[in-house]
Amino acid sequence: MLTDPSRSNRYKVKTNSPFMITLWFPTQRKPGLLPTPYIESQLAPGLAGLYGTSQNLLSSFHSHTFPADALPTKSSPYPIVNYSHGFKVNRRDNTAKCEELASHGYVVVAIDHADSLATVFPDGRILGTTVSALSAELFENDLRDVQFVLETLTRLNQDNPVFRDTLDLNRVG
């Protein structure tokens with residue numbers, strides 16, 4: 001979860017503007033770890049309706065991603081790919097593509113923008129979008145999300161022991 005203190009909350013909650021991201025990156029699988037779910041189980045009912053499938057089926061899907069606590073440094077620095085979802089879906093909508101990019105040596109950052117169908121926060125809250133149409137304002141907000149993520153990655157690359165000197169912020173797509 002990232003919080004941009006310069007903006008008001010996109011979910012019309014009187015706080016600063018937190019939003020969720022997911023990072024995929026190349027790493028070695030550790031024994032005993034189970035793959036992560038393709039989506040958060042709390043989102044299955046809404047996405048099942050969108051995709052015309054059973055929420056039980058949708059919540060049973062697992063990705064090829066495993067939890068990791070650090071980027072391997074032997075091949076770093078890694079180029080960055082920002083993934084911005086389509087209108088009224090969410091950051092995990094194309095998990096398979098994000099995993100594929102990570103498997104080829106990229107760090108992929110997926111962002112839940114203001115028009116995300118719904119997002120699950122670490123405290124369990126599920127907040128849905130209040131955006132009802134595409135607009136220049138929405139595009140500008142998405143752009144500010146990407147800028148804030150890049151600023152955050154820059155700080156992590158400089159200061160965070162998990163990410164220090166592992167991100168190639170001169171190669172961003």
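Just so we're clear, the structure is a prediction, and the values are computed from it rather than from any experiment. (Residues numbered from 1 in each chain as written. Predicted model: local features only at pLDDT ≥ 70, side-chain atom pairs only at ≥ 80, totals over all residues. Heavy atoms only, no water.)

Draft legend 1. Quick peek at the pattern of salt bridges. This structure, assessed with the given rule, holds 7 salt bridges. The shortest N-O distance in the salt bridge between E40 and R92 comes to 3.8 Å. Here E40, found in the loop between β3 (21–24) and α1 (44–51), pairs with R92, found in the loop between β4 (78–84) and α3 (95–103); they are 52 residues apart in sequence, far enough to count as distant. For E40, a relative accessible area of 13% corresponds to the buried category. R92 sits in the buried class, given a relative accessible area of 17%. When the shortest N-O distance is used, the salt bridge between D168 and R171 registers 2.6 Å. A relative accessible area of 13% means that D168 is categorised as buried. A single network of salt bridges, built from pairs that share partners, joins E40, R91, R92 and D112. (Salt bridge = Lys/Arg side-chain N within 4 Å of Asp/Glu carboxyl O. Helix = DSSP H or I, 4+ residues; strand = E, 2+ residues; numbered from the N terminus. Buried < 20%, exposed > 50% of the residue type's maximum accessible area, 1.4 Å probe, protein only.)

Draft legend 2. Quick peek at the nonpolar core. V107, V109 and V149 are the most contacted members of the largest nonpolar core, which has 16 residues in total. Of all elements in the fold, only β4, β5 (107–111) and α4 (136–159) reach the threshold of two or more residues within this core. Examining the composition of this core, we find that 4 residues originate from one element, α4, more than from any other. Filtering out sequence-adjacent residues up to four positions away, V149 remains in contact with L2, F19, I21, N82, V109 and I111. I39, L43, A44 and A48 belong to the second largest nonpolar core, which has 8 residues in total. (Core = buried A, V, L, I, M, F, W, Y, C linked by side-chain atoms within 4.5 Å. Contact = heavy atoms within 4.5 Å.)

Draft legend 3. Seen up close, the sheet that holds β4. The mixed open sheet is built from 4 strands, whose spatial order is β3-β5-β4-β8. Every other strand in the sheet has two partners, leaving β3 and β8 (167–172) as the edge strands with one partner each. Between one strand and the next, the sheet's axes are offset by a mean angle of 35 degrees, whatever the strand orientation. Here β4 runs beside β8; their pairing, made up of 3 bridges, is parallel. Within β8, the position partnered with P79 by the bridge is D168. Sheet contacts for α4: β3, β4, β5 and β8; angle to β8, the most-contacted strand, approximately 145 degrees. (Pairing = 2+ DSSP bridges. Axes fitted to C-alpha atoms, helices over the stretch in contact; angles between N-to-C directions.)

Draft legend 4. Main features of the environment of E151. In this fold, E151 is placed in helix α4. The spatial distance from the C-alpha of E151 to the C-alpha of L169 is 9.8 Å, given a sequence separation of 18 residues.

Draft legend 5. Seen up close, α1. Looking only at α1, the buried set comprises A44, L47 and A48. The arc enclosing the buried residues of α1, seen along the axis, measures out at 105 degrees, which places them on a common side. G52 sits one or two positions beyond α1 and adopts a positive phi of about 65 degrees. (Arc of directions from axis to C-beta.)

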